[in-house]
Amino acid sequence: MMASTPAAKVPPLRRRLPAGALRRRQLAASAWVYLTFLVVAIIMAGTFVLAFIASLKVDPLERPFRIYFDQLNPAAWIAAARLGQEGAGDALWGGLAPGAKVDFSVTYAAPADATIVEPRAEVPRRRPGSGIAAALMRHYAADYASIALRSSSAATMQARDEKGIRQGWQTRTFVYEITYRTDRQNGPWIERTPLNLTAPTSQILIDSPISPSRSERRGRLLSWDNITPGALGLIFNNYRRVINETADLQTGKSLLGSWLGNSLVIATGRLVLTLVVASLAGYALARLKFRGSRLLFAAALFSMTIPAQVTFVSNYLIFRDLSLLNTPWSVIVVFVASANVLLMKQFFEGFPREIEEAAIVDGANRFQVFCKIVLPNAKPALLVNAILAFQGAWNDFFWPLVLITSPPEALTVQVGLLSLRRSFGGAQGDWGLVLAGAFISIVPVVILFVLFQRHIVSTQFAKGTQ
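Residues numbered from 1 in each chain as written. Predicted model: local features only at pLDDT ≥ 70, side-chain atom pairs only at ≥ 80, totals over all residues. Heavy atoms only, no water.

Here's the deal with unusual backbone geometry
A cis amide bond links Ser406 with the next residue in sequence, Pro407, at an omega value of -5°. Within the fold, Pro407 resides in the loop between helix H14 (398-403) and helix H15 (413-424). Of note, the phi angle at Arg217 is positive, near 55°, even though the residue is not glycine. Structurally, Arg217 is set in the loop between strand S7 (214-216) and strand S8 (221-224). Owing to a relative accessible area of 52%, Arg217 belongs among the exposed residues under this scheme. (Helix = DSSP H or I, 4+ residues; strand = E, 2+ residues; numbered from the N terminus. Buried < 20%, exposed > 50% of the residue type's maximum accessible area, 1.4 Å probe, protein only.)

Dropping the structure here:
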């Protein structure tokens, strides 16, 4: 008779954990998984938010990168609204219009043994950063505005030197009045009112309604691109610029609007074509028995492995011979729907045959069964295909770059962003405008996701991929 093994001699790993300990271990594992996904989500959302913040800045490449600047400062919003109201009677978008009377104050500080002199102020005849905007600009604030010192006042303040010792500094506030010249009261509304202040390096600017756009000559010259921006004009200046400054030089029409419209047309057309082809082909491969069906399905799968760059020469020649180059049709029809066909085929194979057979017994033909019975029940798969097709077409860069090259208003938004980088990025260094254009380009995809997110995350998505 074998003796039973004492409990104390059982290896620890073979012991069964108590129910409470097992439950705590499961909760700990779930917590780690949840935290991992949370960290990934925060990192992904954080980069998105950081990029959006950078798109608001005058210089997104500044070092060190600041996350608190005028575009995110409520005090600057209020000051910009006041300046815009005084400049053109528009607190939101500002400008300079006849009758304008703008008070702009700046405060300089200097050590007690230095003298604060009045900075030399001027409204310069400044062109916008890009060549396109400079060519489109017709009116300059320098031709219609006058500036004069209205008042100045002195005060003192306490400041710490490099060694941390508190010292008394003198300050002086200058209030300038910018007016629309009375002899040009029939002049136009002007979007920007630039300002330059030149002062000795011994005095430091410590306060102004809105921060200067740049500092040059070791701080002697401080420049504001627009001292009458309005609240929204201050916050979304880059977005306003990308709409106004990406324009056709001949017609003056905004190219960004045309690019967005072209992308929308192409994405919608490819979505419709994808749904029609994928649903018909998927149903035929799933239900109809004909010679060569397996070979056809294998060819469809094989086409998924061929990069688009391999076939672009032959496709280009075909579209050239059909006179479809530089038209939306060339980008709409040049798509590979193999993955969509596979998705629909898998769904139709899981659809109950009994329902179709009952409809056939009632007198319906195959096409009527497909249109009235199968297709209405394929909503999950169709929705998944629609989302994937729209997103793929909207973000497509290669085919629009190859097939649509002119005129400039015929480009899609993704290719248009490339021209933005060439016009404003690089040596121009105007990356804020490029970032603003990139964020505008993702708006339709974000809207699509918000409208259909519950379908994407619901169990119907799983049904569609079966």
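After that view of the structure, there is still more to cover.
Notes on the pairing of strand S3 (residues 145-160)
One face of the sheet, then the other: side chains in a regular strand alternate in exactly this way. Bridge count for S3 against strand S4 (residues 166-180) is 15 bridges, and the pairing is antiparallel. What sits directly across from Ala145, in S4, is Tyr180. Turn length for the S3-S4 hairpin, with the two strands adjacent in sequence and antiparallel, is five residues, and the turn residue Gly164 shows positive phi of about 85°. (Pairing = 2+ DSSP bridges.)

Notes on the packing of H15 against helix H16 (residues 431-441)
Between two packed helices, what matters for the description is the angle formed by their axes and the separation of those axes. In contact at an axis separation of 9 Å, H15 and H16 are set at 175° when each is read in the N-to-C sense. The pairing of H15 with H16 is recorded here as roughly antiparallel in orientation. Across the interface between the two elements, Val413, Gln414, Leu417, Leu420, Arg421 and Phe424 of H15 pack against Trp431, Leu433, Val434, Gly437, Ala438 and Ser441 of H16. (Axes fitted to C-alpha atoms, helices over the stretch in contact; angles between N-to-C directions. Parallel < 35°, antiparallel > 145°, perpendicular 65-115°, else oblique. Contact = heavy atoms within 4.5 Å.)

Describing the environment of Tyr239
Looking at the secondary structure, you find Tyr239 in helix H5 (residues 237-245). Judged by relative accessible area, Tyr239 falls into the buried class, the value being 12%. Taking C-alpha positions, Tyr239 is 48 Å from Gly350, a pair spaced 111 residues apart along the chain. Aside from chain neighbours lying at most four places away, what touches Tyr239 is Phe52, Ser55, Leu56, Ala436, Phe439 and Ile440.

Remarks on helix H13 (residues 379-395)
The end-to-end C-alpha distance of H13 is 24 Å, a good match for the 24 Å that 17 residues give at a rise of 1.5 Å each. Most of H13 is tucked away: 12 of the 17 residues are buried. Listing the buried residues of H13 in full gives Pro380, Ala381, Leu382, Leu383, Val384, Asn385, Ala386, Ile387, Ala389, Phe390, Ala393 and Trp394. (Expected span 1.5 Å × (residues − 1).)

Quick look at the sheet that holds strand S1 (residues 101-111)
Strand pairing in a sheet relies on backbone hydrogen bonds, with the paired strands running either antiparallel or parallel. Strands sit in the order S3-S4-S1-S6 across an open sheet of four strands; the sheet is antiparallel. In the strand order of this sheet, the two ends are held by S3 and strand S6 (204-207), each with one partner. Averaged over all adjacent pairs, the angle separating strand axes in this sheet is 30°, with direction ignored. Alignment of S1 against S4, held across 11 bridges, turns out to be antiparallel. From the neighbouring strand, Thr107 faces S4, where its bridge partner is Thr173.

Some points on a nonpolar patch on the surface
Taken together, the side chains of Trp32, Tyr34, Leu35, Leu38 and Ile42 present a nonpolar region at the surface, about 590 Å² in accessible area. Relative to the helices and strands, Trp32 resides in helix H1 (residues 19-56). Trp32 gets classed as exposed once you look at its relative accessible area, which sits at 62%. (Patch = residues over 30% accessible without salt bridge, like charges linked within 9 Å, V, L, I, M, F, W, Y side chains within 5 Å. Areas by Shrake-Rupley, 256 points an atom, 1.4 Å probe, with all protein chains shown as cover. Salt bridge = Lys/Arg side-chain N within 4 Å of Asp/Glu carboxyl O.)

Structural notes on the packing of helix H6 (residues 255-287) against helix H10 (residues 338-350)
The geometry of H6 relative to H10 is characterised by a closest axis approach of 7 Å and an angle of 45° between their N-to-C directions. The orientation of H6 relative to H10 falls into the category oblique. In the packing of H6 onto H10, the handedness of the crossing is right-handed. For the pair formed by H6 and H10, the contact residues are Thr274, Ala278, Ser279, Ala281, Gly282, Tyr283, Leu285, Ala286 and Arg287 on the first element and Asn340, Val341, Met344, Lys345, Phe348 and Glu349 on the second. Here the contact of H6 with H10 is built from residues that sort into eight nonpolar, four polar and three charged. (Left-handed = near helix turned anticlockwise from the far one by under 90°. Nonpolar A, V, L, I, M, F, W, Y, C, P; charged D, E, K, R; others polar.)

Quick notes on the environment of Arg240
One can find Arg240 in helix H5. Along the backbone, Arg240 and Ala436 are 196 residues apart, and their C-alpha atoms lie at a distance of 8.9 Å. Every residue in contact with Arg240, bar those within four places of it in the chain, is listed here: Trp93, Glu191, Asn226, Pro229 and Gly233.

Re the confidence of the model for the chain
This prediction gives the chain a mean pLDDT of 83; 91% of its residues lie at or above 70. A low-confidence stretch, residues 1-8 (pLDDT under 50), is modelled with one contact involving residues beyond four sequence positions or located in other chains. In this model residues 459-466 is a low-confidence stretch, pLDDT under 50, and it forms 14 contacts with partners more than four residues away in sequence or in other chains. (pLDDT = per-residue confidence, 0-100.)

A few points about the pairing of S8
Here S8 shows a buried face lined by Leu221 and Ser223 and a second buried face lined by Leu222 and Trp224. Relative to S8, strand S5 (residues 195-198) runs antiparallel, the two being bridged by four bridges. Note that in S8 the partner of Leu197 across the bridge is Leu222. Sheet topology places S7 next to S8; three bridges connect them, and they run antiparallel.

Description of the pattern of salt bridges
Overall, the coordinates contain 15 salt bridges when judged by the stated rule. Taking the shortest distance from any N to any O, the salt bridge between Arg82 and Glu86 comes out at 3.0 Å. Here Arg82 pairs with Glu86, and both are found in helix H2 (residues 74-88), just four residues apart, close to one helical turn. Glu86 sits in the partly exposed class, given a relative accessible area of 25%. Between Arg287 and Glu356 there is a salt bridge; the shortest N-O distance is 2.7 Å. Within this pair, whereas Arg287 is found in helix H6, its partner Glu356 is found in helix H11 (residues 353-361), the two being separated by 69 residues in sequence. Through salt bridges with shared partners, a single network forms among Glu191, Arg192, Arg240, Arg241 and Glu245.

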